[in-house]
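# Working through the structure, step by step
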Amino acid sequence: MDIQKLLRNNIKNLKPYSSARDEFQGGTKTMVFLDANENPFENGVNRYPDPYQNALKGLLSELKDFSRDQILLGNGSDEVLDIIYRAFCEPKDDNILILPPTYGMYEVLAGINDVAVKKINLTSEFQLDVPKILQATDDHSKLLLLCSPNNPTGNSFSEKDLEKLISKFKGIVVLDEAYIDFSEKESWLKRLNEFPNLIVTQTLSKAYGMAGIRLGICYASKEIITVLNRIKPPYNVNILTQKKAIEQLQNKGLAHNQINDILEQRNHLKIVLKNIPFISKIYPSDANFLLVKVDDATKRYQQLLKLGIVTRNRTNEVGCENCLRLTVGTAEENKRIIEAFKSLSNLKSSKK
Ligand SMILES: *Cc1c(COP(=O)(O)O)cnc(C)c1O
């Protein structure tokens, strides 16, 4: 597969901005930096951040057992995805494939980049309709966006189906693994180097508890990462984000313990919600949320809101009629939603 041929035309010959930190990196403590028009008085943030986030990438590379020159970081996955669209999609000419119900940003980003969207719905089991997806593909189909575990359904896709799509699709496959740390399935990072057209994205926003710092991670071949690096704004990940991410990631046990807690809570929620009469289905989840089918999602959403609980009403998404998406919270928070569901069902509450 020739990645260069897939690139958007203007990107093939793009000359990137060369920042002061690009032209001179490193140095010693005794050097003076008069190259970037910064304010010289130290306050922790007076200098521009490392444009390639070397310290943070080093740590991630170790943590994920993945080569650091195959990593690109962005201001959230949303920026990472936008950079990917800009690298490959010719506005007005090209198209992308998305598989509803799925993450809303894929379509928004297509709109922003003026790229057409082909939608191939997931099956009734929320699995991939491989033949239909391949049928819908044409010469201008540059990106296939797969989200596994999927948002808002919570399930992972069959490994076999994923492999078939990655092998057969003639463009770039973007596999969004935002929820992979909550899943028993392994990340595709392990196999990434078998597939030159595969991009895997992850984030610190979910399992790692850092939605506020905005850090998205993109793993791909060196060739793809080199292109994406040319497009990204030079200082797209700020100093505070880099520092906080390093600090949190160094505490290796933290995320691990929190993930275990969340999974335990997810199980507990699942068991208790089975007894709520107006919940007719709890979908299998490999993520930190549960999709549940109720009698009337809009009514229940409003009732929960009155009780001070905010859920996500997904009733207007394909295949999600009368579904609410519930994030797994702390034990205390989950108690609140359980009590709320019980009181709405006129079941005896366990609260004293
Ligand atoms: C939450 C989420 C993300 C994370 O996006 P960030 O911009 O990194 O916060 C990415 N993909 C999916 C499917 C998500 O649900």
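As the structure is a prediction and not an experimental result, all values here were calculated from the model.

## Let's talk about the overall build of the chain
Looking only at helices and strands, the chain features 13 helices and 11 strands. By the compact-globule yardstick of 20 Å for 352 residues, the chain fits well, its C-alpha radius of gyration being 22 Å. For the chain, the C-alpha atoms occupy an extent of roughly 70 × 55 × 30 Å along the three principal directions. Per-residue burial for the chain yields a buried fraction of 51% across its 352 residues. The long-range share in the chain, meaning contacts at least 24 apart out of those at least 6 apart in sequence, stands at 68%. Accessible area for the chain stands at about 17,500 Å²; split by element, carbon and sulfur atoms hold 50% of it. Put simply, the chain has 48 plus and 43 minus side-chain charges, and the middle of one group is 4 Å from the middle of the other.

## Quick look at helix α4 (residues 54-64)
Three or more residues of α4 are buried, namely Leu 56, Lys 57, Gly 58, Leu 59, Leu 60, Ser 61 and Lys 64. Buried positions along α4 lie against β1 (71-74), β6 (198-203), β7 (216-219) and α10 (239-250). Of the residues flanking the end of α4, it is Asp 65, one or two places downstream, whose phi is positive at about 55 degrees.

## Considering the site of the ligand
The local shell around the ligand holds 14 residues, among which Asp 176, Tyr 179, Ser 205, Lys 206 and Arg 214 are the closest. At a separation of 2.7 Å, an oxygen atom of the ligand approaches a polar side-chain atom of Thr 203. Considering the ligand on its own, with 390 Å² of exposed area, one finds that the protein chains cover 94% of that surface. Broken down by element, the shell around the ligand gets its largest block of residues, three residues, from helix α5 (residues 76-88).

## Remarks on the UniProt feature "domain: Aminotransferase class I/classII large" (unreviewed entry) in the chain
Using the residue numbers shown here, the UniProt feature "domain: Aminotransferase class I/classII large" (unreviewed entry) corresponds to residues 43-341. Between the first and last C-alpha atoms of residues 43-341 the distance is 50 Å; the span itself is 38% helix and 17% strand.

## A closer look at the domain arrangement of the chain
One can read the domain layout of the chain as domain 1 (3-250) and domain 2 (253-351). Domain 1 puts 21 residues into the contact, and the matching count from domain 2 is 20 residues. Where domain 1 packs against domain 2, one counts five residue pairs in polar contact (both at pLDDT 80 or more).

Conventions adopted
- Residues numbered from 1 in each chain as written.
- Predicted model: local features only at pLDDT ≥ 70, side-chain atom pairs only at ≥ 80, totals over all residues.
- Heavy atoms only, no water.
- Helix = DSSP H or I, 4+ residues; strand = E, 2+ residues; numbered from the N terminus.
- Rg over C-alpha atoms; globule rule 2.2 N^0.38 Å.
- Buried < 20%, exposed > 50% of the residue type's maximum accessible area, 1.4 Å probe, protein only.
- Contact = heavy atoms within 4.5 Å.
- Areas by Shrake-Rupley, 256 points an atom, 1.4 Å probe, with all protein chains shown as cover.
- Lys, Arg positive; Asp, Glu negative; His and termini not counted.
- Charge placed at Lys NZ, Arg CZ, Asp CG, Glu CD.
- Near = heavy atom within 4 Å.
- Polar contact = N/O pair within 3.5 Å; in protein donor to acceptor, adjacent residues only side chain to side chain.
- UniProt positions renumbered as here; feature names shortened; annotations may be inferred.
- Domains from an automatic or database assignment.

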